[in-house]
Amino acid sequence: MNFMKGKTMEIRVEKGRPEKFSCELLLLFAFEPPEPLEAPLQSVDLEWKGFVSTLTKQGDFKGELFECRLLHTQGALPAQRVLLTGLGKKGEFDLEKWRGAASKAGQFIRNSGIKQFAFPIKSFEGHSEAELAESFVSGLLLGVYQFNEFKTLERDKIKEIGEVILLGEKANEIKLIGDGLRTGQTISDAVYLARDLVNGPSNQVTPTFLAEKAKQIAKDHGMEIQVLEVGQAEALGMGAFVAVAKGSQEPGKFIVLEYNKGKGLDTIALVGKGITFDSGGISIKPSENMERMKDDMSGAAAVLATLQAASRLNLPFHLVGIMPATENLPSGKAYKPGDILKTLSGQTVEVISTDAEGRLILSDALTYSLRYQPKAIIDLATLTGACVIALGDFVIGLFGNDDALLKRIEEASSKTGEKAWRFPLWDEYFEYLKSDAADFRNVGTRAAGAIIGGIFLRKFVEKIPWVHLDIAGPASIDKERPYIPKGGTGAGVRLLIQLLRDWK
Ligand code: BES
Ligand code: ZN
Ligand code: ZN
C-alpha cells in the first residue's frame, strides 16, 4: 500500500541578504534588458563589482524566459555559485510565468547535482512576498516532481535537491514569506498525492487502495469516512455503479469522505470519477495506448487531494467528497451493451457502450450527493476522448447549469493557470440520448461527444448549481509543460483549492 512517500526537499525561511549569504548556490532572476536589475540582484551585482551587469551588457545573459546561466563566484561572494534565470519581458510577467521560472530553475539545479540553494524573496511587480513565495514554492515543487517508486535499478543516480532557503530581510517580510511557503507546500503536497495516485499502476491503485488512502486521510485529518461495498450500493439502488463494478474481480468501493470545519458552513459536493482501469468492458478499447487508462481515476484522485488540502488550510467549509471507484473490465459477469440499468435516481439507462462507464458511475454519485443538500456540486472526470479532440491535452472542458458557479471556476482557472473552456449544454442535445427502450441511452452518435457526456450527467443534478470538469486531456500528459512533468498531473487540484479559497 505504501509506495507513496512524502517529498524529501526541506524548504525554510531565514533572515539574510543574498550578497552576504553562504550557500551552494544563490538563485536570482532577471527580466530582459533594458530593465534594471531587480533589488536582490542589484545588491549582489554591487558586491560582485558589476559582474552581472557586465554579463548582461555583453549580451551573455539575455534574460529570456526560462534561460538559465550558472556562474561561479570564485570567492567574490559567500555563495559558491549563482544561477541567473530569465523572466522574459517585464510587461508580460505574471504568476504563471513565475511558477514556470521557479520550476525551470529548480530542474536546472537538480539536474546539475546541486543539493542546496538560497533564494531571496522581495515583493515586485505588484505581488506581495506571500504571493511570490507561494507561487515560487508551488512552481518549484511541482516542477521537480518525479515518480520513481517502482524503479529498483541505479537508484543512486536519482537526483534530488535537499534543502532550499528562502531569504527575507524585515520581520514582516519573513512572516509573509513563511505564510506563502506553507500554503505553497500544502497545495503541492495535494498535487503530489493526486499525481502519485494517477501514476501508480492499476494493479496497485485498486478501488481498495483508493479506499484505504481515503481512510488514512480521514484519520490523519479528523474527517468522516464511509466506504460502501458493492452489495451495499446495490441495496441502496445504485444500479449504474453496480453494473460497472460487477465485471471485475477487484471489489468496487463507493467512497464518501467528509470534511466539516464547523456548523452552518456551505456544503459543497466534490464528485470524482474513480475508474482505476478502463478497458472499455465488453465494448473493449483497442489495445494501443490502453495502458494509459490507469489514469481514469484522476477525478477521484483530485477530490481526495483537494479535501486533504482544504483541511490543512483550514478552509471554512463542509465538503463532501464522493468517489465511486471500480475497474471497468470485460468478463462473464460484466454488464453488456443493450442492458438496461436502473440508476439511484430511479431513471433508467440503456447501455449502448460499456465504455461510456464514467457517466454511469457518476450518475449514481451525483444523485447520492443530493442527500447532503449541497450549495454546489462539482464533478471531475476523465470522461471523454472527444474533449481531448476538441481542446487538446492542456485544457479542462467546462460544463454546468449555473452561470455564477461557472464564472467562479473561470476566475480560479485564470489564477492557477489550469485552463478551462466552456461548452454549451443546450436542451437540444438531449435528443441524441433518446432511447426506445429506457429513459435514455448512455451514448449519442459521434457528434458533440464531450457535450453529450455533460448533458447525460445533467439529468442527475436536479436544480442544484453544478459544474462538470472533463479532465480527460490534462489528467496525464506525454509532453512536459513548464512546471508539469509528463505523466499524471494532478489536474483540477489547484483549480479547486483556489475556488474554495476565493469562495466568499
Ligand atoms: N475514460 C474514457 C475517456 C478517455 C478517453 C479519457 C481518452 C482519456 C483519454 C471514457 O470512459 C470513455 O471511454 N469514453 C468514451 C465515450 C464514448 C463511448 C461515448 C470515449 O471517449 O470514447
Ligand atoms: Zn470508458
Ligand atoms: Zn473511462
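Relevant structure appears above.
This structure is a prediction, so every number in the text was calculated from the model and none was measured.

Draft legend 1. Broad picture of the site of ligand 1. Every one of the 15 residues lining ligand 1 counts as a neighbour, but Asp 278, Lys 285, Asp 296, Asp 355 and Gly 385 are closest to it. Glu 357 places a side-chain nitrogen or oxygen 2.9 Å from an oxygen atom of ligand 1. In this structure, an oxygen atom belonging to ligand 1 sits 2.7 Å away from a main-chain N or O atom of Gly 385. If ligand 1 stood free it would expose 520 Å²; the protein chains cover 74% of that surface. Here the residues of the shell around ligand 1 are counted per class, giving four nonpolar, four polar and seven charged.

Draft legend 2. Region of interest: the coordination of the zinc ion (ligand 3). Donor atoms from the polypeptide that coordinate the zinc ion (ligand 3) comprise Lys 273 (NZ), Asp 278 (OD), Asp 296 (OD) and Glu 357 (OE), at 2.0 to 2.4 Å from the metal. Look at where the donors of the zinc ion (ligand 3) fall in the sequence and you get K-x4-D-x17-D-x60-E. Among the residues examined, Lys 273 registers a relative accessible area of 1% and is labelled buried.

Draft legend 3. Quick peek at the pattern of salt bridges. A full pass over the atoms with the stated rule returns 34 salt bridges. We note a salt bridge from Glu 134 to Arg 501, for which the minimum N-O separation is 2.9 Å. Of this pair, Glu 134 sits in helix α4 (residues 129-143) while Arg 501 sits in helix α14 (residues 493-501); the two residues are 367 residues apart in sequence, bridging distant segments of the chain. On the basis of relative accessibility, which here comes to 16%, the residue Glu 134 falls in the buried class. Between Asp 502 and Lys 415 there is a salt bridge; the shortest N-O distance is 2.8 Å. One end of the pair, Asp 502, is in the segment after α14; the other, Lys 415, is in helix α12 (residues 403-416), with 87 residues separating them in the sequence. Judged by its relative accessible area of 33%, Asp 502 is partly exposed. Residue Lys 415 is classed as partly exposed on the basis of its relative accessible area, which comes to 42%. The structure contains a network of salt bridges with shared partners spanning Glu 10, Arg 12, Glu 14 and Glu 163.

Draft legend 4. Geometry of the nonpolar core. Counting 96 residues, the largest nonpolar core has Trp 98, Phe 117, Phe 136, Leu 166 and Leu 469 as its most contacted members. Counting residues per element, this core draws most heavily on helix α5 (residues 171-199), at ten residues. Setting aside residues no more than four positions away along its own chain, Leu 166 makes contact with Ile 11, Arg 12, Val 13, Glu 14, Phe 119, Ile 121, Phe 136, Val 137, Ile 177 and Leu 181. Counting residues in hydrophobic clusters, the runner-up holds 52 residues, among them Val 242, Val 349, Leu 391 and Leu 425.

Draft legend 5. A look at α4. Along its 15 residues, α4 runs 21 Å from first to last C-alpha, staying within 8% of the 21 Å computed at 1.5 Å per residue. In terms of residue burial, α4 counts as a mostly covered element, since 14 of its 15 residues are buried.

Draft legend 6. Representation of the side chain of Thr 326 in the model. With respect to the helices and strands, Thr 326 occurs in strand β11 (residues 318-328). For Thr 326, a relative accessible area of 0% translates into the label buried. Discounting chain neighbours no more than four positions away, the residues touching Thr 326 are Pro 207, Phe 241, Val 244, Ala 245, Gly 252, Gly 274, Ile 275, Thr 276, Phe 277 and Ile 361.

Draft legend 7. The coordination of the zinc ion (ligand 2), seen in detail. At the metal site, the zinc ion (ligand 2) is ligated by Asp 278 (OD), Asp 355 (O), Asp 355 (OD) and Glu 357 (OE), and these contacts range over 2.0 to 2.2 Å. Of note is the zinc ion (ligand 2), whose six donor atoms meet at the metal with angles of 71 to 168° in an arrangement that counts as irregular. Spacing between the donor residues of the zinc ion (ligand 2) along the chain follows D-x76-D-x1-E.

Draft legend 8. Quick peek at the packing of aromatic side chains. For the structure on display, the rule yields 24 aromatic pairs. Note on Trp 98 and Phe 124: the rings are 5.7 Å apart at their centroids and 75° apart in plane angle, and the pair reads as edge-to-face. Here the residue Trp 98 occupies a position in helix α3 (residues 95-111), and Phe 124 occupies one in the loop between β5 (116-120) and α4, the gap between them amounting to 26 residues. Each member of the pair Trp 98 and Phe 124 is classed as buried.

Definitions and cut-offs
Residues numbered from 1 in each chain as written. Chains lettered and ligands numbered in written order. Predicted model: local features only at pLDDT ≥ 70, side-chain atom pairs only at ≥ 80, totals over all residues. Heavy atoms only, no water. Near = heavy atom within 4 Å. Polar contact = N/O pair within 3.5 Å; in protein donor to acceptor, adjacent residues only side chain to side chain. Areas by Shrake-Rupley, 256 points an atom, 1.4 Å probe, with all protein chains shown as cover. Nonpolar A, V, L, I, M, F, W, Y, C, P; charged D, E, K, R; others polar. Donors = N, O, S within 2.8 Å, 3.2 Å for Na, K, Ca; no water. Buried < 20%, exposed > 50% of the residue type's maximum accessible area, 1.4 Å probe, protein only. Salt bridge = Lys/Arg side-chain N within 4 Å of Asp/Glu carboxyl O. Helix = DSSP H or I, 4+ residues; strand = E, 2+ residues; numbered from the N terminus. Core = buried A, V, L, I, M, F, W, Y, C linked by side-chain atoms within 4.5 Å. Contact = heavy atoms within 4.5 Å. Expected span 1.5 Å × (residues − 1). Tetrahedral: all angles 85-135°; square planar, octahedral: opposite > 155°, others 65-115°. Phe/Tyr/Trp six-rings, centres within 6.5 Å; stacked < 30°, edge-to-face > 60°.

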